[in-house]
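Okay, here's what each chain looks like letter by letter:
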Amino acid sequence: MTDNIKRILIIDDIQGSTPDMLQMWGYETFSALDGKQGINELDKNYDKYDLVLLDVMMPVMDGYSVLKHIRNSSKYKDIPVIMLTAVDDDYKEVTGLKSGADDYIVKPFVFPNLLARIEALLRRSVYKKDDIKKGEAISELTQREKEILKFVCLGDSNQKIAEKLFIREITVKTHLNNIYRKLEVDNRVQAAILAHEFFNDN
């Protein structure tokens, strides 16, 4: 193994072709078939992994319980986690993100989508390891962009944000596109995760 190989722990009772596909793209994968196995593996080899793919519905211990354990751990609480679920439900997605997930993908997914999410999270993880301050990019947003980002964190729709700020919805969308570009994220969920950390720390 070389030091530049990224290692992913997949905690999922039905993994399908995901491990093989990730290996084809140069990742090293390790499998756990239920939540308890995944936690045991992290407890033993937490410094070995760069990212966790975590299924929500599993035997023995579900994904939310595993995620809670990860975020409460003093050893590996900062490891990036992408939650996987077969249920397309906004409430469950919000629950996962509030519990500390970095991203959330509904199965079955298109593999390039998963790959892009993994690569984006690993880039962010590298930034953290290089001691780049959290929220540095958010600090550079305009005052209006910060206002809109706070409303996004509250779960407000574009229409509701527009009503609160007495601006047009198209203006909100324009500001959001600028926010995504400046924060180097792809959507409002990822922007909200970064913003939540920043606004809580300031």
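Everything discussed here concerns the structure shown above.
Residues numbered from 1 in each chain as written. Predicted model: local features only at pLDDT ≥ 70, side-chain atom pairs only at ≥ 80, totals over all residues. Heavy atoms only, no water.

All right, on to helix α9 (residues 169-183) then. Its 15 residues place the ends of α9 21 Å apart at the C-alpha level, agreeing with the 21 Å of an ideal helix rising 1.5 Å per residue. Among all positions in α9, only Val 172, His 175, Leu 176, Ile 179, Tyr 180 and Leu 183 are buried. Summarising the axial view, the buried residues of α9 lie within an arc of 145°, below the 170-degree limit, and thus occupy one face. After α9 finishes, the residue Glu 184 shows a positive phi value of roughly 60°. (Helix = DSSP H or I, 4+ residues; strand = E, 2+ residues; numbered from the N terminus. Expected span 1.5 Å × (residues − 1). Buried < 20%, exposed > 50% of the residue type's maximum accessible area, 1.4 Å probe, protein only. Arc of directions from axis to C-beta.)

Attention now moves to the environment of Phe 151. Residue placement: Phe 151 occurs in helix α7 (residues 143-153). Between the C-alpha atoms of Phe 151 and Ala 192, which are 41 residues apart in sequence, the distance is 9.3 Å. In this view, Phe 151 contacts Asp 156, Ile 161, Lys 164 and Leu 165; residues no more than four positions away in its chain are not counted. (Contact = heavy atoms within 4.5 Å.)

Within the secondary structure, Glu 145 is located in helix α7. A relative accessible area of 4% means that Glu 145 is categorised as buried. Of note is the side chain of Glu 145, whose polar atom sits 2.9 Å from the backbone nitrogen of Thr 142. Apart from the residues within four sequence positions on either side, Glu 145 is in contact with His 175, Asn 178, Ile 179 and Lys 182. (Polar contact = N/O pair within 3.5 Å; in protein donor to acceptor, adjacent residues only side chain to side chain.)

What follows deals with unusual backbone geometry. Phi is positive for Phe 166, which is not a glycine, with a value near 60°. Here Phe 166 is to be found in the loop between α8 (158-165) and α9. Using a relative accessible area of 76% as the deciding quantity, one classes Phe 166 as exposed. With phi around 60°, Glu 184 is a residue other than glycine that occupies positive phi space. If you trace the backbone, Glu 184 turns up in the loop between α9 and α10 (188-201).

Quick look at the packing of aromatic side chains now. Counting across every chain of the model gives 2 aromatic pairs. When the ring of Phe 30 is compared with that of Tyr 49, the centres are 5.3 Å apart and the planes differ by 80°; the resulting orientation is edge-to-face. One end of the pair, Phe 30, is in strand β2 (residues 28-32); the other, Tyr 49, is in the loop between α2 (35-45) and β3 (51-55), with 19 residues separating them in the sequence. Given the relative accessible area of 19%, Phe 30 is considered buried. By relative accessible area, which is 6% here, Tyr 49 ends up buried. Ring geometry for Tyr 46 and Tyr 76: centres 6.3 Å apart, planes at 35°, overall tilted. (Phe/Tyr/Trp six-rings, centres within 6.5 Å; stacked < 30°, edge-to-face > 60°.)

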